[in-house]
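# Fold and contact review
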Amino acid sequence: MTSEQISHTMTKPQSFIPIAKPLLGEAELEAVKRPLSSGWVTQGREVAAFEVEFAELVGAAHACAVSSCTAALHLALHVLGVSPGDEVITVSHSFIASANVIRYCGATPVFIDIEATGYNVDTRLLAEAITEKTKAIIAVHQLGMPCDLASILAVAAQNNIAVVEDAACALGSQIQRDGCWSNIGAPLGDIACFSFHPRKLITTGDGGMLTTNRSGLAERLGRLRQHGMDVNDRIRHASSQVINEHYSELGFNYRLTDIQAAIGREQLKRLPAMVQQRRALAVVYQAELSAIEGLGLPLEPDWARSNWQSYCVRLPAGVDQAQLMQLMLDAGVATRRGVMCIHREAAYRPGQWRCGSLGCCDGLKACGQLRHSEAAQAQSIILPLYVQMTKQEQLWVCNTLKGALQSLLERA
Ligand SMILES: *Cc1c(COP(=O)(O)O)cnc(C)c1O
C-alpha cells in the first residue's frame, strides 16, 4: 500500500502512539563497549571527546558535560556569580528546573509573561522587570523554538546583565542574527545549557552540556562539576610524576559518565538526520491541521528554525483540555498538557518569587500579569512527534484530534 492509500483507509495503527520515542540502536550498543571494556567509566576519553564533538557541532569554543541540564543551569548561574539577594528573570511558562536553579543559588526568580500566540518570552516585558538586583536572564528556547535572543541580548547589554540560554530542548535549532544562521549553543549569550533526557532530541539516559565562548568560565566549569578539583583525571593518569590535586573552591559532583558520553557521541551523529525528519513531520502536522477551525498551530518566525522537540497546539475556546486528552488516549494516542506554569506550583509560595510587572502581585498566585502563560497551560496540548513515526501513525493522530474536537464541540 502506498502512503496515499493508507491516508484514505485510515486504519488504526497496531500499537499505541507514545508522546516521544528515543532513537537508540546498534551504534549505541557498540559504543558503550568501549568504556566498559577499557574499565575507564567516568571523566575519561569519552567525556572529553563528546565535549569536543559537541562544541564543534554547535559552533561553540568550549563545552562542558554534566549530569543534567538542571546541573548545567545551576553551574551556569553559579559561575556568573548569582548569589543570595540577587534576582534572575525568566518565564514561569517552563519546566520547573528553569526557576529551581535560581533558588539553588539563593536568588529570587522574577517571572515575566510569554507572547499571546507562541510559548516563548514576550521580550517587551523585560525592561520593566529589571531592578538593581537583576543579575541574569535565563532565556528559554521553549519546546525547541528559539526565543527572540536579539531583543534579550540588547536589553541585557544595556543593563550589564548576563544571559544564560536554557536550551534544554533546543539542540539542533537555529537562529538568524545579522543575516547569518547560527546553531543554538553557539552561544549568543554567556552560556547555553542542554539536556540529554529521553524527551529531548538526543539522549544519554540523563545528561547535560554547557557551552560558552568565554575560556575563563569554561575552565572553572570543568573544575566545579568535579568537586572543584584543580587537575582532571586524564592529566593525572597520563603523568609520570605524582600529582596531588587541590580544591580551591566549593564544587559539586555533576559528572557525566564515559558510558553516557559514548552513547552521546553516537547520538550526535544522528542529530542532523533527526532534525530533518522532525521538521518534515512538523510540515505534515501543519498541512493536516491548518484547516481545523480555532486550532492554534505553532508558528516559526522567519529568523528561527525549530528542531520541533515538541509540537504544541492551542485548543479552540470552550474545549476542555483534560477531556480531549482522554478521548485521544482512548483512541491510542498519547498527548501531554502544554508547558506548566511554575508560579502555580505549591513549591513556589508567595515571597519565593516575584512577578516582573511593576506594582503587581508580589508573588501571589492570582497574578494577572502572567495570563498568557496561564492560558497556554490550560489550552494547549503536545502531540506525539518522534523520528520513527510513520505516515499512518501521524495521520491517525491528526484524525483522532479532529474527531475528538468535533465530538467535544458538539457536546458543548
Ligand atoms: C527538560 C528541561 C530542563 C531540565 O533538563 P534535565 O536534563 O532533566 O535536568 C530544563 N529546562 C527546560 C526548558 C526543559 O525542557
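No experiment lies behind these values; they were computed from the predicted model shown. (Residues numbered from 1 in each chain as written. Predicted model: local features only at pLDDT ≥ 70, side-chain atom pairs only at ≥ 80, totals over all residues. Heavy atoms only, no water.)

This part takes up the overall build of the chain. Each helix and strand counted, the chain has 14 helices and 14 strands in total. Considering only C-alpha atoms, the chain reaches an extent of 75 × 60 × 40 Å along its principal axes. For the chain, buried positions account for 54% of its 412 residues. Nonlocal contacts in the chain, meaning residues at least 24 apart in sequence, comprise 74% of its contacts between residues at least 6 apart. In the chain, 36 positive and 39 negative side-chain charges are present, and the distance between their average locations comes to 3 Å. (Helix = DSSP H or I, 4+ residues; strand = E, 2+ residues; numbered from the N terminus. Buried < 20%, exposed > 50% of the residue type's maximum accessible area, 1.4 Å probe, protein only. Contact = heavy atoms within 4.5 Å. Lys, Arg positive; Asp, Glu negative; His and termini not counted. Charge placed at Lys NZ, Arg CZ, Asp CG, Glu CD.)

Another aspect to go through is the side chain of Thr400. Along the polypeptide, Thr400 turns up in helix H14 (residues 391-411). For Thr400, a relative accessible area of 10% gives the class buried. Dropping the residues within four chain positions of it, Thr400 is found in contact with Met328, Ala331 and Val333.

Within the element layout of this structure, Gln309 appears in the loop between strand S10 (304-305) and strand S11 (311-314). In this structure Gln309 touches Leu143, Gly144, Cys169, Arg199, Lys200, Leu201 and Arg278, once residues within four positions along its chain are discounted. A polar atom in the side chain of Gln309 sits 2.9 Å from the side chain of Ser310. (Polar contact = N/O pair within 3.5 Å; in protein donor to acceptor, adjacent residues only side chain to side chain.)

In this section: the site of the ligand. The environment of the ligand is made up of 14 residues, and the closest members are Cys69, Thr70, Asp166, Ser195 and Lys200. In the model, an oxygen atom of the ligand is placed 2.5 Å from a nitrogen or oxygen of the Thr70 side chain. Contact with the protein chains hides 90% of the accessible area of the ligand, taken as 380 Å² for the molecule alone. At the level of elements, helix H5 (69-79) and helix H6 (97-104) are the ones that each hand at least two residues to the shell around the ligand. (Near = heavy atom within 4 Å. Areas by Shrake-Rupley, 256 points an atom, 1.4 Å probe, with all protein chains shown as cover.)

Averaged over every residue, the pLDDT of the chain is 94; the share at 70 or more is 95%. Here residues 1-8 scores under 50 on pLDDT; set against residues more than four positions off or in separate chains, the count is five contacts. (pLDDT = per-residue confidence, 0-100.)

Further remarks concern the side chain of Asn120. By secondary structure assignment, the location of Asn120 is in the loop between strand S3 (108-112) and helix H7 (126-129). Of the polar contacts made by the side chain of Asn120, one reaches the backbone oxygen of Met145; its length is 2.8 Å.

Here we take up the domain arrangement of the chain. Looking at the chain, the domain boundaries give domain 1 (3-22 + 271-341 + 367-411) and domain 2 (26-269). On a C-alpha basis, the centroid separation for the pair domain 1 and domain 2 is 29 Å. Across the interface of domain 1 and domain 2, roughly 3100 Å² is buried in total on both sides, 61% from carbon and sulfur atoms. Looking at the side of domain 1 facing domain 2, the largest losses of area belong to Leu271, Trp303 and Arg305, adding up to 24% of the total buried there. Counting across the domain 1 and domain 2 interface gives zero salt bridges. Along the contact surface separating domain 1 from domain 2 lie 19 residue pairs in polar contact (both at pLDDT 80 or more). (Domains from an automatic or database assignment. Buried area = accessible area lost by both parts, 1.4 Å probe. Salt bridge = Lys/Arg side-chain N within 4 Å of Asp/Glu carboxyl O.)

Take the packing of aromatic side chains next. With the rule as written, the count across this model stands at nine aromatic pairs. Relative to Phe196, the ring of Phe54 lies with its centre 5.8 Å away and its plane at 70°, an arrangement referred to as edge-to-face. On the criterion of sequence distance, the pair formed by Phe54 in helix H4 (residues 45-58) and Phe196 in the loop between strand S8 (191-195) and strand S9 (208-212) is long-range, its members being 142 residues apart. Measuring from centroid to centroid gives 5.4 Å for Phe111 and Trp353, while their planes differ by 45°, and the two rings are tilted. Here Trp353 lies in the loop between strand S12 (336-337) and strand S13 (354-355) and Phe111 lies in strand S3, a separation of 242 residues in the sequence. Since its relative accessible area comes to 0%, Phe111 is described here as buried. Through pairs of rings, three or more aromatic residues link up here, namely Phe50, Phe54, Phe194 and Phe196. One residue, Arg103, lies across the ring of Tyr348, its end atom 4.5 Å from the ring centre. (Phe/Tyr/Trp six-rings, centres within 6.5 Å; stacked < 30°, edge-to-face > 60°. Lys NZ or Arg CZ within 6 Å of the ring centre and 35° of its normal.)

Scanning the model with the defined rule gives 17 salt bridges in all. The partner of Lys269 in a salt bridge is Glu266, with the nearest N and O atoms 3.2 Å apart. Residue Lys269 and its partner Glu266 are both found in helix H11 (residues 258-289); the two are separated by three residues, about one turn of the helix. We classify Lys269 as exposed; its relative accessible area is 61%. A relative accessible area of 11% places Glu266 in the buried class. Within the structure, one salt-bridge network assembled from shared partners comprises Arg34, Glu46, Glu53, Arg265, Glu266 and Lys269.

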